[in-house]
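Secondary and tertiary structure notes
Given next are the chains, with one letter for each unit.
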Amino acid sequence: MSNLRFRLQLIAFALMLGFVSASAQNIRYVSMNGENSNDGTSWAKAKRDVQDAINDLVNNNLTGEVWVAAGTYYPTETTESSSSPYHKSFKIPAGITVRGGFRGKVEADAEKDIVAYHGEATLADRHMEDDAFFGEAADNGTSEDTGTLDGEAAGSGVYSNKTILCGDLNEDKVADVTWNEQKQQFDVTFYGNSYHVVWFAMNGFDPDGRALPLASPAKLEGCVVKGGHAYTNDASDDHPHVGYGGGIYMVANSFVYNSEVKECDASRNGGGIYMDGGGIVRRTFVHDCQALGIGTEYGLG
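Quantities reported herein were computed from a predicted structural model and do not represent experimental measurements.

Looking now at the overall build of the protein. Each helix and strand in the protein was counted, giving two helices and 23 strands. Counting every position in the protein, which comprises 301 residues, the buried fraction comes to 48%. Of the contacts formed within the protein by residues at least 6 apart in sequence, a portion of 68% connects residues at least 24 apart. Carbon and sulfur atoms make up 49% of the accessible area of the protein, which totals about 14800 Å².

Structure (structure tokens):
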């Protein structure tokens, strides 16, 4: 009996390894030099559109990851049936992880381009930009006066290869976010920007307008999110999502790691990040963002 149990345990373990191996192979690659006609299965065959790579996994009933090389990318699909371009977002559904920070040159080097959190690089391999908000970066790639998070150096510019997800839909005109000392708030100018740059609310909303949770985790890791403008002048008591979460709109079972959110705003709450019923954020720096709190009675976020 014990031999049979041992054999069954071996079979179960082998099946588990097979599942992990198959899941690990579900990677789609995206780079600025890619083509959407490519299948995205290697850096040499990388796609150009982040959403196209996500959809390729989803349409084939696969969970997996999208690895995105350095560069600036713009959303190409809307979050709902409206024809308004402002609803365009990077839509990340359950079972999908989007990772940035890669050079995207050759497959063998890909994993070495990701930060020390994944065990493939040292702190010295990371370039952290000088930024007075977080403290001046030291020459050895660590920040002298920002402390640490779970044993990792804290500071802006975690990745030297910046993957930027940008809501500036009019690519010729970049949003301007400038601190006004007299007003004690940012002066912002947007030229037709996404309501939400990154969107996790893939299951829609309940009758009260609150986001429904995802059935399994969806993740964003290693990206710079900027240029989101969640705006509505509706001051009613309902919950119009377009007034929340200019940078990232999160729900239960969504995760953001090792990222930076900047130059985003919202007319209600969550200029940089809004959590509608849940979400987890770690090692992520949110700065130069604001919310005006129109129609709300609690924190501006």
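Don't stop here, the text continues.
Of the voids in this model, the largest pocket is the one considered here, and its volume is about 200 Å³. For the lining of the largest pocket, the secondary structure elements donating two or more residues are strand 2 (64-69), strand 6 (96-102) and strand 13 (218-221). Examining the composition of the lining of the largest pocket, we find that three residues originate from one element, strand 6, more than from any other. A per-class count over the lining of the largest pocket returns four nonpolar, four polar and four charged.

Proximity of charged atoms lets side chains of opposite charge pair with each other. For the structure shown, the criterion picks out seven salt bridges. Put simply, Lys47 and Asp52 hold a salt bridge, and the shortest N to O gap is 2.9 Å. By relative accessible area, which is 27% here, Asp52 ends up partly exposed. One continuous salt-bridge network, built from bridges that share partners, spans Glu65, Arg99 and Glu221.

Bringing helix 2 (residues 50-59) into the picture now. For helix 2, the full list of buried residues reads Val50, Gln51, Ala53, Ile54, Asn55 and Leu57. Residues of helix 2 that are buried sit in contact with strand 1 (27-30), strand 2, strand 3 (71-73), strand 4 (77-78), strand 5 (88-91) and strand 6. Taking the backbone nitrogen of Gln51 as reference, a side-chain oxygen 2.7 Å away marks Asp49 as the first, capping residue of helix 2. Asn61 occupies a position one or two residues after helix 2 and carries a positive phi of about 55 degrees.

This part is about the sheet that holds strand 9 (residues 163-166). The strands that make up a sheet are held in pairs by hydrogen bonds between backbone atoms, and each pair lies either parallel or antiparallel. On the basis of which strands lie adjacent, the open sheet formed by five strands has the order 3-9-14-18-22 and parallel pairing. For this open sheet the edge positions go to strand 3 and strand 22 (285-287), each flanked by a neighbour on one side alone. Averaged over all pairs of adjacent strands, the angle between their axes in this sheet comes to 15 degrees, without regard to strand direction. Pairing of strand 9 with strand 14 (residues 224-226) involves three bridges; the strand directions are parallel. Its bridge partner lying in strand 14, Cys166 is registered against Lys226.

All right, on to the nonpolar core then. Counting residues in each nonpolar core, the largest one holds 42 residues, and the members touching the most others are Ile92, Val198, Phe200, Leu220 and Ile248. At the level of secondary structure, the elements contributing two or more residues to this core comprise strand 1, helix 2, strand 2, strand 6, strand 12 (198-199), strand 13, strand 16 (248-251) and strand 20 (273-276). Not counting the four nearest positions on each side in its chain, Val198 is found in contact with Phe90, Ile92, Leu165, Leu220, Val225, Gly247, Ile248 and Tyr249.

So, on to the pairing of strand 10 (residues 176-180). In the sheet, strand 10 pairs with strand 11 (residues 185-189) via five bridges, with the strands oriented antiparallel. Along strand 11, the bridge assignment pairs Asn180 with Gln185. Joining the antiparallel neighbours strand 10 and strand 11 is a turn of four residues, in which Gln184 adopts a positive phi near 60 degrees.

So, on to the sheet that holds strand 16. Read from one edge to the other, the open sheet built from five strands follows the order 4-5-12-16-20, with strand pairing classed as mixed. Each edge of the sheet is formed by a strand with only one pairing partner; in this case those strands are strand 4 and strand 20. This element, helix 2, spans strand 4 and strand 5 of the sheet and lies at about 45 degrees to strand 5.

What follows deals with the confidence of the model for the protein. Here the protein averages 77 in pLDDT, and 69% of its residues register 70 or above. Across residues 13-23, where pLDDT falls below 50, the model places one contact with residues more than four positions away in sequence or in other chains. Scored below 50 in pLDDT, residues 106-157 shows 111 contacts in the model against residues more than four places distant or in partner chains.

Reading the values: the criteria
- Residues numbered from 1 in each chain as written.
- Predicted model: local features only at pLDDT ≥ 70, side-chain atom pairs only at ≥ 80, totals over all residues.
- Heavy atoms only, no water.
- Helix = DSSP H or I, 4+ residues; strand = E, 2+ residues; numbered from the N terminus.
- Buried < 20%, exposed > 50% of the residue type's maximum accessible area, 1.4 Å probe, protein only.
- Contact = heavy atoms within 4.5 Å.
- Areas by Shrake-Rupley, 256 points an atom, 1.4 Å probe, with all protein chains shown as cover.
- 1 Å grid on protein atoms, 1.4 Å probe; cavity = no way out; pocket = protein on both sides within 12 Å on 5 of 7 lines; lining within 4 Å.
- Points joined across faces, edges and corners; volume = space filled by probe spheres on them.
- Nonpolar A, V, L, I, M, F, W, Y, C, P; charged D, E, K, R; others polar.
- Salt bridge = Lys/Arg side-chain N within 4 Å of Asp/Glu carboxyl O.
- Polar contact = N/O pair within 3.5 Å; in protein donor to acceptor, adjacent residues only side chain to side chain.
- Pairing = 2+ DSSP bridges.
- Axes fitted to C-alpha atoms, helices over the stretch in contact; angles between N-to-C directions.
- Core = buried A, V, L, I, M, F, W, Y, C linked by side-chain atoms within 4.5 Å.
- pLDDT = per-residue confidence, 0-100.

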